[in-house]
Amino acid sequence: MTPENNRGGLTKPRLDVLLAAPRGFCAGVDRAIQIVELALAKYGAPVYVRHEIVHNRFVVEALKAKGAVFVDELDEIPKTDQPVIFSAHGVPKSVVEAAKSKNMFALDATCPLVFKVHLEAQRHFAEGREIVLIGHAGHPEVEGTMGQLPEGAVRLIQTADDARSYMPADPGKLAVVTQTTLSVDDTAEMVAILNERFPGIAGPMKEDICYATTNRQAAVKAIAPKLDCLFVLGAPNSSNSVRLVEVAERAGCRSSVLIQRAADIPWERLQGARTLGLTAGASAPEQLINEVIDALKDRFDVAIETVTTANENIAFNVPRELRDVRAPGSTSSLAAERGGDRPGERT
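Described in the following lines is the structure provided in the data block. What you see is a predicted model; the values in this text were computed from it and never measured.

### Let's talk about the side chain of Gln148
1) Next: Looking at the secondary structure, you find Gln148 in the loop between α5 (140-146) and β9 (154-157).
2) Next: Looking at Gln148, the relative accessible area reads 10%, which means it is buried.
3) Next: Within the structure, Gln148 has its side chain in polar contact with the backbone oxygen of Val91 (distance 2.8 Å).
4) Next: Here the side chain of Gln148 touches Gln122 through a polar contact of 3.2 Å, side chain to side chain.
5) Next: Setting aside anything within four residues of it in sequence, one finds Gln148 in contact with Val91, Pro92, Lys93, His118 and Gln122.

What follows is the structure in structure tokens.
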């Protein structure tokens, strides 16, 4: 018996860990973090960020330590020539206009896939259509999308029941757009209801739910029936992370739980468990997955298998103002690990 399998003279129980891939950072999150770090490298601290740059406490605290200052509203920022960054979720037009009126040096970290939804909504509005937005009330992405147009131009639908009861002013002049981080299946159901009720409704030229959300949900579906439990690394206010918990349960996982890092592991869920799944939402760094695996190894004889359902090689350019600078240590240490295999893993 090797020391690896023996703690206090007792053999560690075996735990098979299925590591979902893709997982963790998407290109939009990677870009947003790079924007903050590159701005700090070029202009020095402080760099101001309106709202959390991405929905992950670990990421936000790491950027704070480097000199980023996070605020809820622009009014909290003193008069300054330093950069003011808008989060990856996008902002209403009123925020952009307010920054201009204050002569702020604004850098927009809005994910390009969210920006695409903004453009779709604006195009439909210009063509005289009433717009239905499928999304979650209060989410900053939804507020940003609705804020691209005059108040009342967009109707928010959150559930299938909403889709069934929705009554437009003119059924012949409708369009639908969606939040990018929703459940693929739930959204498909709502879109199908709207298409059945309003056959002429205009939809997006290409699926609004982003590639990363779709791929992470597909990866979870692939492993969920084999699991006794799934841990999703992510923040409670991260829409795509919460959706992964729901997707796993619907796909047959007996127990699915969202945790923010290793200190949050609910060990009681692993009593008698033989197979654990691990994944991470699109704003959770790979470092947190590694931290959980290390904690598991303290208690279990861990065998890791990576289950890959898609390969991602998408990257987005940072704003022109930052393309002449490279953050210390190349790309962000947070963004450098993007859901690849740990050394020695089986694929």
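### Observations regarding the sheet that holds β9
Paired through backbone hydrogen bonds, the strands of a sheet run either parallel or antiparallel to each other.
1) Next: In space, the 3 strands of this open sheet follow the order β9-β8-β10, with parallel pairing throughout. Two strands bound the open sheet, and with one partner strand each, they are β9 and β10 (174-178). Neighbouring strand axes in the sheet, compared pairwise and without regard to direction, differ in orientation by 25 degrees on average.
2) Next: As paired strands, strand β8 (residues 130-134) and β10 are joined by 5 bridges and run parallel to one another. Residue pairing across strands places Ile134 opposite Thr178, the latter belonging to β10.
3) Next: Strand contacts of helix α7 (residues 184-197): β8, β9 and β10, with the helix running at about 155 degrees to β8, the strand carrying the most contacts.

### Examining the pattern of salt bridges
1) Next: Taken as a whole and judged by the stated rule, the model has 21 salt bridges.
2) Next: Measuring nitrogen to oxygen at the nearest pair gives 2.2 Å for the salt bridge that ties Glu127 to Arg129.
3) Next: Taking relative accessible area as the criterion, Arg129 reaches 24% and is therefore assigned partly exposed.
4) Next: Put simply, Arg164 and Glu189 hold a salt bridge, and the shortest N to O gap is 3.7 Å. Here the residue Arg164 occupies a position in helix α6 (residues 160-165), and Glu189 occupies one in helix α7, the gap between them amounting to 25 residues.
5) Next: For Arg164, a relative accessible area of 44% translates into the label partly exposed.

Calculation rules
- Residues numbered from 1 in each chain as written.
- Predicted model: local features only at pLDDT ≥ 70, side-chain atom pairs only at ≥ 80, totals over all residues.
- Heavy atoms only, no water.
- Helix = DSSP H or I, 4+ residues; strand = E, 2+ residues; numbered from the N terminus.
- Buried < 20%, exposed > 50% of the residue type's maximum accessible area, 1.4 Å probe, protein only.
- Polar contact = N/O pair within 3.5 Å; in protein donor to acceptor, adjacent residues only side chain to side chain.
- Contact = heavy atoms within 4.5 Å.
- Pairing = 2+ DSSP bridges.
- Axes fitted to C-alpha atoms, helices over the stretch in contact; angles between N-to-C directions.
- Salt bridge = Lys/Arg side-chain N within 4 Å of Asp/Glu carboxyl O.

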